[in-house]
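# Architecture at a glance
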Amino acid sequence: AAANVDCSTCYELEFTTTALASSGKKMIVQVTNKGGDLGDMHFDIQLPGGGLGIFNGCAETGSEPENGRAQFSEPYANWGERYGGLTSLAECAGLPAKLRAGCEFRFGWFENADNPAARATRVQCPAE
């Protein structure tokens, strides 16, 4: 999600804080929705294991998700903190099998960075 930018546009994020900056890492992202709770040029990178956030569609809690059945059957506790998610690579094993690689990416390449600041430059979207 991003604020104040059009859906389907792509941006290269050059990280300016956390270990991502010292590693010189960059990421190309595509905007898939907009969030009213985001600031100007704020990108909410949705990674498995990063927390359910404001809207939970993944796990049953008894009162959620409000808009239908949960997408996955794993217990709510397996998803970690609502904001922030899991705290270790080992906890990725509790997520659905098809999300584990993304969770491992979060603790590997993404270095478990929590809301890193970045410079965003609009780029042409890659073919894939």
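Placed above this text is the structure.
These numbers were taken from a predicted model, which means no experiment stands behind them. (Residues numbered from 1 in each chain as written. Predicted model: local features only at pLDDT ≥ 70, side-chain atom pairs only at ≥ 80, totals over all residues. Heavy atoms only, no water.)

## Overview of the pattern of salt bridges
Scanning the entire structure with this criterion turns up two salt bridges. Across the pair glutamate 111 and lysine 25 runs a salt bridge whose closest N-O atoms are separated by 2.8 Å. Here glutamate 111 is found in the loop between α2 (100-107) and β3 (118-123), whereas its partner lysine 25 is found in the loop between α1 (18-22) and β2 (26-30), with 86 residues between them in sequence. (Salt bridge = Lys/Arg side-chain N within 4 Å of Asp/Glu carboxyl O. Helix = DSSP H or I, 4+ residues; strand = E, 2+ residues; numbered from the N terminus.)

## Focus: the packing of aromatic side chains
Summed over all chains, the structure comprises six aromatic pairs. Note on phenylalanine 72 and tryptophan 79: the rings are 5.7 Å apart at their centroids and 40° apart in plane angle, and the pair reads as tilted. Using a relative accessible area of 13% as the deciding quantity, one classes phenylalanine 72 as buried. Its relative accessible area of 5% is what places tryptophan 79 among the buried residues. A ring pair is formed by phenylalanine 105 and phenylalanine 110, whose centres lie 6.4 Å apart and whose planes are at 25°; its orientation type is stacked. Here phenylalanine 110 falls in the buried class, since its relative accessible area comes to 4%. Cluster of aromatic residues (ring-pair linked, three or more members): Phe15, Phe105, Trp109 and Phe110. (Phe/Tyr/Trp six-rings, centres within 6.5 Å; stacked < 30°, edge-to-face > 60°. Buried < 20%, exposed > 50% of the residue type's maximum accessible area, 1.4 Å probe, protein only.)

## Points about the state of the cysteines
Following the criterion strictly, the structure yields two disulfides and no others. Each sulfur in the disulfide pair cysteine 10 and cysteine 125 lies 1.9 Å from the other. An S-S torsion of about 105° defines the bridge between cysteine 10 and cysteine 125 as right-handed. Placement of the pair is cysteine 10 in strand β1 (residues 10-15) and cysteine 125 in the segment after β3, with a sequence separation of 115 residues. (Disulfide = S-S within 2.5 Å.)

## Regarding α2
Buried residues of α2: Cys103, Arg106 and Phe107, and no others. Buried residues in α2, looked at end-on, bunch into an arc of 90°, giving them a common side. (Arc of directions from axis to C-beta.)

## What to know about the environment of asparagine 78
Here asparagine 78 is to be found in the loop between β2 and α2. Its relative accessible area of 26% is what places asparagine 78 among the partly exposed residues. It is 9.0 Å that separates the C-alpha atoms of asparagine 78 and alanine 59, two residues lying 19 residues apart in sequence. Not counting the four nearest positions on each side in its chain, asparagine 78 is found in contact with Leu86, Gly94 and Leu95. (Contact = heavy atoms within 4.5 Å.)

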